[in-house]
Amino acid sequence: KGYKDSKSKADGIFDLYKEKKNETPVVGDVVFFGSYEQNNDLSDGKEDIEWCVLAKEDEKMLVISKYVLANKPYNSSDSDITWETSIAKSWLNGVFLNFSFTAEERDKMFVPERPESVSENTVTDKIFLLSVDEVDKYFIDNAARQCFPTPYAVSQGIDTRKNYKSDGESTCRWWLRSSAIGNGFSAYVDNSGSVYYATSNFIDVQTGFRPAVWIDINLK
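Residues numbered from 1 in each chain as written. Predicted model: local features only at pLDDT ≥ 70, side-chain atom pairs only at ≥ 80, totals over all residues. Heavy atoms only, no water.

## A few points about the environment of Val 154
Mapping Val 154 onto the fold places it in helix α5 (residues 151-155). Sequence separation between Val 154 and Gly 208 is 54 residues; the distance between their C-alpha atoms is 9.7 Å. (Helix = DSSP H or I, 4+ residues; strand = E, 2+ residues; numbered from the N terminus.)

## Thoughts on the confidence of the model for the chain
Scored by pLDDT, the chain comes out at a mean of 80, with 74% of its residues at no less than 70. Strand β4 (residues 60-65) holds the highest mean pLDDT among the elements of the chain, 96, whereas strand β1 (residues 15-16) holds the lowest, 43. Overall, residues 6-20 carries pLDDT values under 50, and its contacts beyond four positions in sequence, including any with other chains, amount to 44 contacts. (pLDDT = per-residue confidence, 0-100. Contact = heavy atoms within 4.5 Å.)

## Comments concerning unusual backbone geometry
For residues other than glycine, phi is negative in most cases, and the peptide bonds are mostly trans. Of note, the phi angle at Asn 40 is positive, near 65 degrees, even though the residue is not glycine. Of the residues examined, Asn 40 reaches a relative accessible area of 39% and is grouped as partly exposed. Positive phi, normally seen in glycine, also occurs at Asp 58, with a value near 55 degrees. Structurally, Asp 58 is set in the loop between β3 (47-57) and β4. Relative accessible area serves as the criterion here: at 69%, Asp 58 is assigned to the exposed category. (Buried < 20%, exposed > 50% of the residue type's maximum accessible area, 1.4 Å probe, protein only.)

## Examining the environment of Val 68
Tracing the chain through its elements places Val 68 in the loop between β4 and β5 (70-71). Residue classification places Val 68 among the buried positions, given a relative accessible area of 0%. Residues Val 68 and Cys 147, spaced 79 residues apart in sequence, show a C-alpha to C-alpha distance of 6.7 Å. Among residues more than four places away in sequence, those in contact with Val 68 are Cys 147, Phe 148, Pro 149, Thr 150, Ala 153, Ile 158, Cys 172, Arg 173, Trp 174, Gly 208, Phe 209 and Arg 210.

## Section: the pattern of salt bridges
Applying the stated rule across the entire model yields four salt bridges. The partner of Arg 177 in a salt bridge is Glu 134, with the nearest N and O atoms 2.9 Å apart. Linking Arg 177 in strand β10 (residues 174-179) with Glu 134 in helix α3 (residues 132-138), this pair joins segments that are 43 residues apart in sequence. Summarising the burial analysis for this pair, Arg 177 and Glu 134 share the class buried. (Salt bridge = Lys/Arg side-chain N within 4 Å of Asp/Glu carboxyl O.)

## So, the side chain of Ser 100
Assignment of secondary structure puts Ser 100 in helix α1 (residues 87-100). Leaving out residues up to four positions away in the same chain, Ser 100 has contacts with Gly 34, Ser 35, Tyr 36, Lys 46, Ile 49 and Glu 105.

Okay, structure coming up:
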């Protein structure tokens with residue numbers, strides 16, 4: 001079951017959110033892949049992760065988690081670093097990768113063959129955070145960039161204090177991998193969906209991870 005969808009996956013490790021089991025997913029679809037604690041009820045196990053399809057290329061698709069899954073600091077100190085040496089990168093490609101995906105699922109992931117955007121913060125990992133250029137490319141406006149945290153992320157202390165709500169739920173901030181202006185800062189998407197460049201310190205624990213990954217489009 002997914003965080004907001006109680007039906008089980010019907011077959012294999014992949015299923016479409018929209019009852020389209022015999023169709024290839026298209027940009028804008030939501031798909032299931034991997035699992036992570038989301039409803040904050042540890043007694044019923046992990047929930048299937050829902051991913052939004054952002055792009056397709058040959059037999060691959062770029063997906064980003066529909067919800068902010070966890071709130072973690074970008075780094076353990078406010079020293080001047082980039083994505084390549086950050087705690088964010090190591091956690092996503094260590095603990096999160098191994099905890100959330102089976103060996104079969106990990107084999108369906110791809111490391112990008114070329115930098116996704118700017119020359120800095122090059123992606124050499126299976127799981128990554130989007131860059132400033134990418135959120136501008138794949139999301140049409142601020143409203144599209146707004147994201148909700150899971151109850152589990154809320155329980156960890158993610159910031160939902162700003163008054164941006166939909167259906168009674170509050171949005172939250174999510175990290176980008178692009179370096180910001182000034183040492184010890186990283187860009188992020190605000191509760192409003194705006195991109196900020198210089199106001200979130202690496203060690204902030206109220207901003208969350210919304211991971212992205214290239215996966216095989218033919219998973220069954």
